Amino acid sequence: MVCEMETDQIEEMDVEVLSSMWPEDVGTEADKQFNVEKSAGDLDMLKEVDIAEKRTMADLKRLPELMNSTHQGSSQLTNLVKQWEYMQDHAVRLLREELKILTRQREEAEAKEQKIIEEHNFESQEPENVPVLDETSDLFRRFRQKKRDKLVDSKTIEIDEEFDTVAYWKQKALSLEKMLEASTERERRLIEKLNESLKTMESHSAPVEELTQNLKRAEGFLHFILQNAPIVMGHQDKDLRYLFIYNKFPSLREQDILGKTDVEIFKGGGVKESEDFKREVLEKGKASKREITFETDLFGSKTFLIYVEPVYNKAGEKIGINYMGMEVTDQVIKREKMAKLREDNAVRKAMESELTKTIHITEETMRAKQMLATMSHEIRSPLSGVVGMAEILSTTKLDKEQRQLLNVMISSGDLVLQLINDILDLSKVESGVMKLEATKFRPREVVKHVLQTAAASLKKDLTLEGNIADEVPIEVVGDVLRIRQILTNLISNAIKFTHEGKVGIKLRVISEPSFASDNVLNEDAEEQNGLIETSVWIRCDVYDTGIGIPENALPCLFKKYMQASADHARKYGGTGLGLAICKQLVELMGGQLTVTSQVNAGSTFTFILPYKVATSDDHSDDQDEFSDMVDHQPEPDDTTEGYFQFKPLLGSIYSNGGPVMGNNFLPHKVMLTSPLKLINGFITDSSNITGQSETVQVENGCYMDESRLETRSAHCPEPGHQYENGNGRCPSKETESCSSSQASSEGGPLEMDSELTVSSHREEEKTETDLQETSKPKILLVEDNKINIMVAKSMMKQLGYTIDIANNGVEAITAVERSSYDLVLMDVCMPVMDGLKATRLIRSYEESGNWNAAIEAGIDVKTLENEQVCVRSTNRLPIIAMTANTLAESSEECFANGMDSFISKPVTLQKLKECLQKYLH
Amino acid sequence: MLGLGVDRLQADINRLLTSLFHQGVLDEQFLQLQQLQDDTSPTFVYDVINIYFDESEKLLRNLRLLLMDREFSDYKKIGLHLNQLVGSSSSIGARRVRNVCAAFRSASELNNRPGCLRGLEVVEHEYHYLKNMMHELFQLEQQRLLAAGVRYPV
């Protein structure tokens, strides 16, 4: 084969004679050419190749077989052979070229020689005796020439000598002998040459060895690379029996593996899977990769990335698979960890975004609520302006029509106000802003009041009744405003849905309910207020004989903006907030609101609330705030009254609907069967007045107003009076207002009251501080404004001083007279006696040593006649004015009246500090 | 609600205060009040403002009563009331209320009844505005406190 190839190549090479020297790297290009070409060559020579293998486990007998029978195997060998062949060709080509050159040179040299010989031919007669020729070619040539020369020579010799003489023969024999010698010599040299060339031939003629070398190199290379790789390689036949396996760390011996299938070798998880996978590849005929985790006794839990490709023989039939596995356990673990982290991350992110969303929604909701509240506020203020102005307008002289229009206006305004108040209340309760107040009140009066109010605006033929059990205490402590709100709400609700029969309130004491034990907080709060009385649970039923509530509507009854049905909402109106507010209020106070109802028979709303039982000597500061409720009924018999009833007059104009104007009707639609002095009073008042028809409207408006104000009575405790005064129709009130305006010239009765309570309060503090603060400078603040007092006091506290308070000039003088002060801060503008006058009086005392001037000014003499006074009069007491920088309070005036300095209002910490530093050290 | 809105609420409060200062509803005196609030009196501002509202409400009611009286002539008493209101308003830094009160007072000093009625209206309007704003402020403050009080187990 090789020889054939060689000759082929030679023929080819002959064409390319001109390109004498090939570059070295051309060979590689040719290599590539051969690589691409995958022709199956004759590989018989490989049988002699012995693969020296130590580490791997391989069936060496089967491997060559495999190599021969498969495409992969044969193509590789072919490549090797081709490569070798090509190298040989190359060498031959080079040799041939060299030979050619030499031949040409020789021919030239011969030609030259021939010429020379021809020139000197005839002259040299003698036979040439040049014995040795180095080159065979020379020898050969010379031999030929000699031959020729000899022939010529011999002829010439024969001609020269006498033929057939002894000398002649002798000469001939001698020359022949010489020729023979030379010939023998030539022969010997040729043999030598032949041997030599045989030797070189031998050394060149072994391609097998070279191939073996190549293979060894390739194998060494593979080993070098695969030495430490965690790789398992193998070949399995069609039945998936191992024919060949390479494993870096063999734990089984060759005979344990070869000829067996995976399943036969291993036991455990993943084995079956890999077997199935291999089978699948074999069936499909497509190479593919897969990751399989093995769980075997042999090597524990390991994950392999397995690559399997099918193997075909030359005929294109599947004969098995090649299999390569790489251990990727660590990578898989890492990857899984990463995946898990990523998953966690994603989950966390999702949660986060969910949370943010929730927060966002919550915030939005809160903001919306906030906005609702703010809006309501914003609407309420101008609306109350509108309603208030309308009310003022209603007190002026108006004709009937105007009055009627105005009443509609007021009642509509009231309705909107009520709605807004409801919304505000609700948002207050929900946002937790609502504060409960603990005040003393009389439940009977509250019930009666609520019923009265309801009766006053009653437009239906209903009986309103109140029933209070005897054991209910006369006075209890709770948030009366809220309780009234609840009662009013429930009652008006009951009236709204009741067309005939009665609506009533029932009060009785019950034992502590089961849910109460949870509401410890509420009681704590009340105990903090210093009320240690026993608590009592009072159950309040508000019942009616109205349309009732269907069973299915009960659950949503207390929800916001919900009414039992849409029909009802249309028919009866309302916001549906009332009950929600009631429930929230009741729960806020630690109670419970429930409802029972029967359709067409009536409903009963029940709320249970805890109250403290007030003792009579308990003094509450807030008493004056709800005095309007308590003091309206000063009669002692009223406090224990347990039953009230209010009935409407029969044939009331309102039962027919429209506001008919008529002269014959009494102004009040309510007939009173119980001692109701207040309303009686109203009746007598208004009956005194001529022009009845007008009065109906006026009083009506007035009542409506009252009911409205009652629901928000926190702001306006004395609503009724205002309008009666304005009306000018109520003689008794008239005189009262007159007297109040008289009294106001001396400071006003209202102020006097509040001031007195404040000052009595301060007096106690004063005596306390007298005892404690002997070393600290004593400061007196004379100020009538509560706020200013609070602020100044707090500032002093921050500066480290405590102060005494006097509310006006008179009190200031009294205080100065009683104890010695280091500094007086004096407000200029005060009721009773202003700061300027008080300062003047103090200065005159300091000068004269007596309080005569003060006594002249009308201050109580007895308290002032005190001998100690004289002792202290030597020091000038620093008096600092506090002015509001108005025209009336100019600084000149302050100095003129004997003040030492002044601080302009509002007082700031800095100003106060400077002043104190100046006058106290 | 989850205690994450503290900063936002604080920002809201600051914004509200800024706008109130900007509008002239409040002045620096209010900051004085806030300075006076410390651990020993954590609700000082709230208390003072509440008392202010109580007192002012009474004063306004009296003013209205006085002005609604047909045979009204006691401008001196109105002046006294207004002095009170001016004093306390300037003490808490309610600048706009104080200013409109001062205008009202000058009307009363001139015995100008329509002026007084107008003044009362304006004062009431300003007063209600202030009250709403304060209500909002305290509500925010309360929410902030609630939010600031939220603690999560670590």
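Residues numbered from 1 in each chain as written. Chains lettered and ligands numbered in written order. Predicted model: local features only at pLDDT ≥ 70, side-chain atom pairs only at ≥ 80, totals over all residues. Heavy atoms only, no water.

### Some thoughts on the overall build of chain B
Okay, so step 1: Secondary structure summary: chain B contains six helices and zero strands in total.
Okay, so step 2: Start at the N end of chain B and walk to the C end: the helices and strands fall as α-α-α-α-α-α.
Okay, so step 3: Across the 154 residues of chain B, 55% fall into the buried class.
Okay, so step 4: Intrachain contacts of chain B at a sequence separation of at least 6 include 68% that bridge at least 24 residues.
Okay, so step 5: About 7,100 Å² of surface is accessible on chain B, with carbon and sulfur atoms providing 55% of the total. (Helix = DSSP H or I, 4+ residues; strand = E, 2+ residues; numbered from the N terminus. Buried < 20%, exposed > 50% of the residue type's maximum accessible area, 1.4 Å probe, protein only. Contact = heavy atoms within 4.5 Å. Areas by Shrake-Rupley, 256 points an atom, 1.4 Å probe, with all protein chains shown as cover.)

### Quick word on the overall build of chain A
Okay, so step 1: Each helix and strand counted, chain A has 32 helices and 21 strands in total.
Okay, so step 2: Across the 921 residues in chain A, those meeting the buried criterion constitute 42%.
Okay, so step 3: Sequence-distant contacts in chain A: of pairs separated by 6 or more residues, those separated by 24 or more amount to 70%.
Okay, so step 4: Carbon and sulfur atoms form 56% of the exposed surface of chain A, whose accessible area is close to 51,500 Å².

### Here's the deal with the nonpolar core
Okay, so step 1: Ranked by size, the top nonpolar core spans 68 residues in total, and within it L825(A), L130(B) and M134(B) carry the most contacts.
Okay, so step 2: The dominant element in this core, judged by the number of residues it contributes, is helix α6 (residues 113-149) of chain B, at 12 residues.
Okay, so step 3: If we ignore the near neighbours within four places in the chain, the residues touching L825(A) are I779(A), L780(A), L781(A), V782(A), M796(A), I880(A), M882(A), I903(A) and L912(A).
Okay, so step 4: Among the nonpolar cores identified, the runner-up in size contains 52 residues, and L451(A), V503(A), C582(A) and F644(A) belong to it. (Core = buried A, V, L, I, M, F, W, Y, C linked by side-chain atoms within 4.5 Å.)

### Points about the environment of G591(A)
Okay, so step 1: By secondary structure assignment, the location of G591(A) is in the loop between α17 (578-588) and β13 (592-598).
Okay, so step 2: The contact partners of G591(A), leaving out residues within four places of it in the chain, are F515(A), V586(A), I608(A), L609(A) and P610(A).

### Remarks on the packing of aromatic side chains
Okay, so step 1: Scanning the model with the defined rule gives eight aromatic pairs over all chains in all.
Okay, so step 2: Look at F895(A) and F902(A): their rings are 6.0 Å apart centre to centre, the planes differ by 65 degrees, and that puts the pair in the edge-to-face class.
Okay, so step 3: Summarising the aromatic geometry, the rings of F53(B) and Y127(B) are spaced 5.6 Å apart at their centres and angled 80 degrees between planes, so their arrangement reads as edge-to-face. Highlighted residues: F53(B) in helix α3 (residues 44-68) and Y127(B) in helix α6, separated in sequence by 74 residues.
Okay, so step 4: Members of the aromatic cluster, joined through ring pairs, are Y52(B), F53(B) and Y127(B).
Okay, so step 5: Sitting over the face of the ring of Y543(A), K506(A) holds its NZ or CZ atom 5.2 Å from the ring centroid.
Okay, so step 6: Lying across the ring of F53(B), K131(B) places its NZ or CZ 5.7 Å from the centre. (Phe/Tyr/Trp six-rings, centres within 6.5 Å; stacked < 30°, edge-to-face > 60°. Lys NZ or Arg CZ within 6 Å of the ring centre and 35° of its normal.)

### Things to note about the side chain of E136(B)
Okay, so step 1: Mapped onto the secondary structure, E136(B) falls in helix α6.
Okay, so step 2: The contacts of E136(B), once residues within four sequence positions are left out, are Q370(A), T374(A) and L16(B).

### Here we look at the environment of M233(A)
All names here are of chain A.
Okay, so step 1: One can find M233 in strand β2 (residues 231-237).
Okay, so step 2: Relative accessible area serves as the criterion here: at 18%, M233 is assigned to the buried category.
Okay, so step 3: A sequence separation of 90 residues divides M233 from Y323, and the C-alpha atoms of the two residues are 5.6 Å apart.
Okay, so step 4: In this view, M233 contacts L226, F244, I245, Y246, Y323 and M324; residues no more than four positions away in its chain are not counted.

### Examining the pairing of strand β14 (residues 602-613) of chain A
All names here are of chain A.
Okay, so step 1: Counting buried residues along β14, 10 of its 12 residues qualify, which places the element largely inside the surrounding structure.
Okay, so step 2: Relative to β14, strand β10 (residues 476-478) runs antiparallel, the two sharing two bridges. Bridging from a neighbouring strand, V477 pairs with K612 of β14.
Okay, so step 3: Across nine bridges, strand β12 (residues 535-544) lies against β14 in antiparallel orientation. Within the sheet, the bridge partner assigned to I538 lies in β14 and is L609.
Okay, so step 4: By the bridge criterion, seven bridges tie β13 to β14 in an arrangement that is antiparallel. Each residue of the ladder has a partner; that of V595, found in β14, is F605.
Okay, so step 5: The turn linking β13 back onto β14 is made up of three residues, and N600 within it adopts a positive phi angle of 65 degrees. (Pairing = 2+ DSSP bridges.)

### Some remarks on the UniProt feature "coiled-coil region" (unreviewed entry) in chain A
Okay, so step 1: In the numbering used here, UniProt assigns the "coiled-coil region" (unreviewed entry) feature to residues 92-119 of chain A.
Okay, so step 2: This span, residues 92-119 of chain A, is 100% helix and 0% strand, and a straight line between its end C-alpha atoms measures 40 Å. (UniProt positions renumbered as here; feature names shortened; annotations may be inferred.)

### Quick look at unusual backbone geometry
Most peptide bonds take the trans form, and the phi angle of most residues other than glycine is negative.
Okay, so step 1: Here the phi dihedral of L240(A) falls at roughly 65 degrees; this positive angle occurs in a residue that is not glycine.
Okay, so step 2: Inspection of the secondary structure puts L240(A) in the loop between β2 and β3 (242-247).
Okay, so step 3: Of note, the phi angle at N111(B) is positive, near 55 degrees, even though the residue is not glycine.

### A closer look at a nonpolar patch on the surface
Okay, so step 1: Residues F221(A), L222(A), F224(A) and I225(A) make up a contiguous nonpolar surface patch of roughly 470 Å² in combined accessible area.
Okay, so step 2: On the accessibility criterion, L222(A) (48% relative accessible area) is partly exposed. (Patch = residues over 30% accessible without salt bridge, like charges linked within 9 Å, V, L, I, M, F, W, Y side chains within 5 Å. Salt bridge = Lys/Arg side-chain N within 4 Å of Asp/Glu carboxyl O.)

### Structural notes on the packing of helix α25 (residues 786-799) of chain A against helix α4 (residues 75-92) of chain B
When two helices pack together, their arrangement is given by the angle between the helix axes and by the axis-to-axis distance.
Okay, so step 1: Remark: α25(A) packs on α4(B), axes separated minimally by 8 Å, with the N-to-C direction vectors making an angle of 35 degrees. Where α25(A) crosses over α4(B), the handedness of that crossing is left-handed. Between α25(A), through I787(A), N788(A) and V791(A), and α4(B), the contact on the second element is made entirely by G87(B), S88(B), S91(B) and I92(B).
Okay, so step 2: When the residues that make up the contact of α25(A) with α4(B) are grouped by side-chain class, the tally is three nonpolar, four polar and no charged. (Axes fitted to C-alpha atoms, helices over the stretch in contact; angles between N-to-C directions. Left-handed = near helix turned anticlockwise from the far one by under 90°. Nonpolar A, V, L, I, M, F, W, Y, C, P; charged D, E, K, R; others polar.)

### Describing the sheet that holds strand β17 (residues 779-782) of chain A
Residues and elements named next belong to chain A.
Okay, so step 1: Within the open sheet, the five strands sit side by side as β18-β17-β19-β20-β21. Their pairing is parallel. Lying at the two open borders of the sheet, with one neighbouring strand each, are β18 (803-806) and β21 (901-904). With direction set aside, neighbouring strand axes in the sheet form an average angle of 25 degrees.
Okay, so step 2: Pairing between strand β19 (residues 823-827) and strand β20 (residues 879-883): four bridges, direction parallel. If you follow D827 over to β20, its bridge partner there is M882.
Okay, so step 3: Along the sheet, α25 makes contact with β17, β18 and β19, crossing β18 at roughly 165 degrees.
Okay, so step 4: Helix α27 (residues 835-848) contacts β19 and β20 of the sheet and is inclined by roughly 145 degrees relative to β19.

### Remarks on the pattern of salt bridges
For side chains of opposite charge, pairing can occur when their charged atoms come near one another.
Residue and element names in this part refer to chain A.
Okay, so step 1: Enumeration over the complete set of coordinates arrives at 33 salt bridges over all chains.
Okay, so step 2: Its salt-bridge partner being R279, residue E275 comes within 3.1 Å of it at the nearest N-O pair. Taken as a pair, E275 and R279 lie in helix α10 (residues 271-284) at a separation of four residues, close to a single helical turn.
Okay, so step 3: Given a relative accessible area of 35%, R279 falls into the partly exposed group.
Okay, so step 4: Linking R539 and D541 is a salt bridge whose minimum nitrogen-to-oxygen distance equals 3.2 Å.
Okay, so step 5: Using a relative accessible area of 6% as the deciding quantity, one classes D541 as buried.
Okay, so step 6: Sharing partners across several salt bridges, the network here consists of E185, R188, R189 and E192.

### Observations concerning α27(A)
Residue and element names in this part refer to chain A.
Okay, so step 1: With 14 residues, α27 ought to run about 20 Å at 1.5 Å a step, and its terminal C-alpha atoms sit 20 Å apart, in line with that.
Okay, so step 2: Of the residues that open α27, the one with a side-chain oxygen 3.2 Å from the backbone nitrogen of L836 is D834.
Okay, so step 3: Two residues or fewer past α27, G849 is found with a positive phi of approximately 80 degrees. (Expected span 1.5 Å × (residues − 1). Polar contact = N/O pair within 3.5 Å; in protein donor to acceptor, adjacent residues only side chain to side chain.)

### So, the pairing of β17(A)
All names here are of chain A.
Okay, so step 1: Across the two faces of β17 the burial is the same, with I779 and L781 and L780 and V782 all buried.
Okay, so step 2: Judged from the four bridges that link them, β17 and β18 form a sheet pairing that is parallel. Across the sheet, the residue bridging to I779 is I803, located in β18.
Okay, so step 3: The parallel pair β17 and β18, bridged by α25, forms a crossover whose chirality is right-handed.
Okay, so step 4: Across four bridges, the pairing between β17 and β19 is parallel. When the sheet's bridge partners are listed, V782 is paired in β19 with M826. (Right-handed = clockwise from strand over helix to strand, strands pointing away.)

### Considering helix α1 (residues 6-23) of chain B
Because each turn of an α-helix spans 3.6 residues, side chains separated by three or four positions in sequence point in the same direction.
Okay, so step 1: The first and last C-alpha atoms of α1(B) sit 25 Å apart over 18 residues, in line with the 26 Å expected at 1.5 Å per residue.
Okay, so step 2: Those residues of α1(B) that sit buried are V6(B), L9(B), D12(B), I13(B), L16(B), L17(B) and L20(B). Buried positions in α1(B), seen along its axis, are confined to an arc of 130 degrees and lie on one side of it. Residues of α1(B) that are exposed and point more than 90 degrees away from the buried face comprise D7(B), R15(B) and H22(B).
Okay, so step 3: Check the buried side of α1(B) and you find it contacts α11 (329-394) of chain A together with α2 (28-36) and α6 of chain B.
Okay, so step 4: At the C-terminal side of α1(B), G24(B) shows a positive phi close to 85 degrees. (Arc of directions from axis to C-beta.)

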